[in-house]
Amino acid sequence: MKQHTLEIKGLVAAVGGKQILNGIDLTVRSGEVHAIMGPNGAGKTTLSSVVMGRPGYEVLGGQVLLDGEDVLALPAWRRAQAGLHLVMQYPSEVPGVMLADVMGEAFAARGRSTDGLAGVLRSETEGIGFNTALLDRALNVDLSGGEKKRNETLQLAMLRPKFAILDELDSGLDIDALRDCSRRVEALTNDPDQPLGVIAITHYNRLLEELRADHIHILVKGRIVAEGGPELADQLERDGYEAFASPAELAADDAPAADAAGAYDDLFAL
Ligand code: ADP
Ligand code: MG
């Protein structure tokens, strides 16, 4: 069994000239599932983007080490080759490009044989409950939210990265699609050859019913404010983020700070 480590150390980053991540430490090993939960605007998407190397984010400090090697200097495609994979909150539509072609290119870039690719693609497609007829459509074009996430999960299963970051895999998909996708990811984490390590960003416990988290981290305002086992997600469900941060910390930045506590009451008055 291949064992790998992804270490995020003291990561500080900005986007749009504003510091969003204020020192993140997180270590994930092969086969582990770490859930990151946090309110809107906490910096969850920023964290996933910075780790994956999406352009437009400024790293101000810290390291992201894959098996001890800092990947922060590498462009996103090199990080993907090294074994990192991001499932985006809002998957992009790519007109004119077929999934089979993308997989072929990705296999070639990783030095993997494309022999039998079509067969594996077909069986993975059926396995995830994705209509094989949709394989003939351009990537994610005209797919429903659930179909897009099934499509993304299918790519993850084909590519077999060392680590996957799932940015709200549960957003925009129905219960059936959520179950199929989270179950498939859970199976990948138990792969005997190379168990997938996962950072699962989510608002809700429901994702974690099938994808069993070993560790939960609560992110508020670019900082991890609490860490624990699966019971922490239950506590969060019960008590809300208020139990982990002050109303001022939870208020959106664009809300008037002085009204932070009352902002919720006034929601419909805006
Ligand atoms: P989350 O995913 O936890 O909801 P994000 O990482 O998307 O949070 O956003 C964190 C903060 O960074 C928010 O205040 C958001 O407005 C800001 N932000 C995100 N992307 C940009 C950007 N491209 N330019 C300016 N601000 C941004
Ligand atoms: Mg987000």
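That block above? That's the structure.
Because the structure is a prediction, the values reported are computed rather than measured.

Let's talk about the site of ligand 1
The full set of residues close to ligand 1 is Val15, Gly16, Lys18, Ile20, Pro39, Asn40, Gly41, Ala42, Gly43, Lys44, Thr45 and Thr46. Within the contact set of ligand 1, an oxygen atom lies 2.9 Å away from a backbone nitrogen or oxygen of threonine 45. Looking at the shell around ligand 1, the elements with two or more residues in it are strand E2 (18-29) and helix H1 (44-52). Of the residues that constitute the shell around ligand 1, the class distribution is 4 nonpolar, 6 polar and 2 charged.

Description of the packing of helix H3 (residues 99-109) against helix H5 (residues 145-159)
Here H3 crosses H5 at 30°, and the two axes come no closer than 11 Å. If you check the angle between H3 and H5, you find them roughly parallel. Crossing angle aside, the handedness with which H3 passes H5 is right-handed. Residues Leu99, Met103, Ala106 and Phe107 of H3 lie in contact with H5, whose contacting residues are Asn151, Leu154, Gln155, Met158 and Leu159. Here the contact of H3 with H5 is built from residues that sort into 7 nonpolar, 2 polar and no charged.

Describing the layout of surface pockets
Counted as a void, the largest pocket has a volume near 720 Å³. Lining of the largest pocket is provided by 25 residues; of these, Ala80, His85, Leu86, Val102 and Gln155 occupy positions nearest its centre. Of the residues assigned to the lining of the largest pocket, the class counts are 16 nonpolar, 5 polar and 4 charged.

Overview of the pattern of salt bridges
Under the criterion given, the structure shown has 10 salt bridges. Arginine 150 is paired through a salt bridge with aspartate 180; the nearest N and O atoms lie 2.5 Å apart. Of this pair, arginine 150 sits in helix H5 while aspartate 180 sits in helix H6 (residues 175-189), placing them 30 residues apart in sequence. Put simply, aspartate 176 and arginine 179 hold a salt bridge, and the shortest N to O gap is 3.6 Å. Highlighted residues: aspartate 176 and arginine 179, both in helix H6, separated by 3 residues, approximately one helical turn. Owing to a relative accessible area of 42%, aspartate 176 belongs among the partly exposed residues under this scheme. Taking the relative accessible area as the measure of exposure, arginine 179 reaches 30% and is therefore partly exposed. Each of Arg150, Asp176, Arg179 and Asp180 takes part in one network of salt bridges that share partners.

Points about the coordination of the magnesium ion (ligand 2)
Around the magnesium ion (ligand 2), the protein contributes the donor atoms Thr45 (OG1) and Gln89 (OE1), which lie 2.0 to 2.6 Å from the metal centre. Residue threonine 45 is found in helix H1, and its partner glutamine 89 is found in the loop between strand E6 (84-87) and strand E7 (94-98); the two are separated by 44 residues along the sequence. In this structure threonine 45 comes out as partly exposed when scored by relative accessible area, which is 27%. Given a relative accessible area of 14%, glutamine 89 falls into the buried group.

Observations regarding the nonpolar core
The tendency in soluble globular proteins is for nonpolar side chains to be buried as a group. Leu166, Val185, Val198, Leu208, Ile216 and Ile218 are the most contacted members of the largest nonpolar core, which totals 33 residues. Of all elements in the fold, only strand E3 (33-37), H5, strand E9 (163-167), H6, strand E10 (197-202), helix H7 (207-210), strand E11 (215-220) and helix H8 (231-239) reach the threshold of two or more residues within this core. Per element, the largest residue contribution to this core is 5 residues, and it comes from H6. Residues Val50, Val64, Leu86 and Phe163 belong to the second largest nonpolar core, which totals 27 residues.

Section: the sheet that holds strand E1 (residues 5-15)
Read across the open sheet, the 4 strands follow the order E2-E1-E4-E5; overall the sheet is antiparallel. The sheet is open, and its two edges are formed by E2 and strand E5 (69-70), each paired on a single side. In the sheet, E1 pairs with E2 via 9 bridges, with the strands oriented antiparallel. Note that in E2 the partner of threonine 5 across the bridge is arginine 29. Here H1 sits on the sheet in contact with E1, E2 and strand E4 (57-66), set at roughly 115° to E1.

Cut-offs applied
Residues numbered from 1 in each chain as written. Chains lettered and ligands numbered in written order. Predicted model: local features only at pLDDT ≥ 70, side-chain atom pairs only at ≥ 80, totals over all residues. Heavy atoms only, no water. Near = heavy atom within 4 Å. Polar contact = N/O pair within 3.5 Å; in protein donor to acceptor, adjacent residues only side chain to side chain. Helix = DSSP H or I, 4+ residues; strand = E, 2+ residues; numbered from the N terminus. Nonpolar A, V, L, I, M, F, W, Y, C, P; charged D, E, K, R; others polar. Axes fitted to C-alpha atoms, helices over the stretch in contact; angles between N-to-C directions. Parallel < 35°, antiparallel > 145°, perpendicular 65-115°, else oblique. Left-handed = near helix turned anticlockwise from the far one by under 90°. Contact = heavy atoms within 4.5 Å. 1 Å grid on protein atoms, 1.4 Å probe; cavity = no way out; pocket = protein on both sides within 12 Å on 5 of 7 lines; lining within 4 Å. Points joined across faces, edges and corners; volume = space filled by probe spheres on them. Salt bridge = Lys/Arg side-chain N within 4 Å of Asp/Glu carboxyl O. Buried < 20%, exposed > 50% of the residue type's maximum accessible area, 1.4 Å probe, protein only. Donors = N, O, S within 2.8 Å, 3.2 Å for Na, K, Ca; no water. Core = buried A, V, L, I, M, F, W, Y, C linked by side-chain atoms within 4.5 Å. Pairing = 2+ DSSP bridges.

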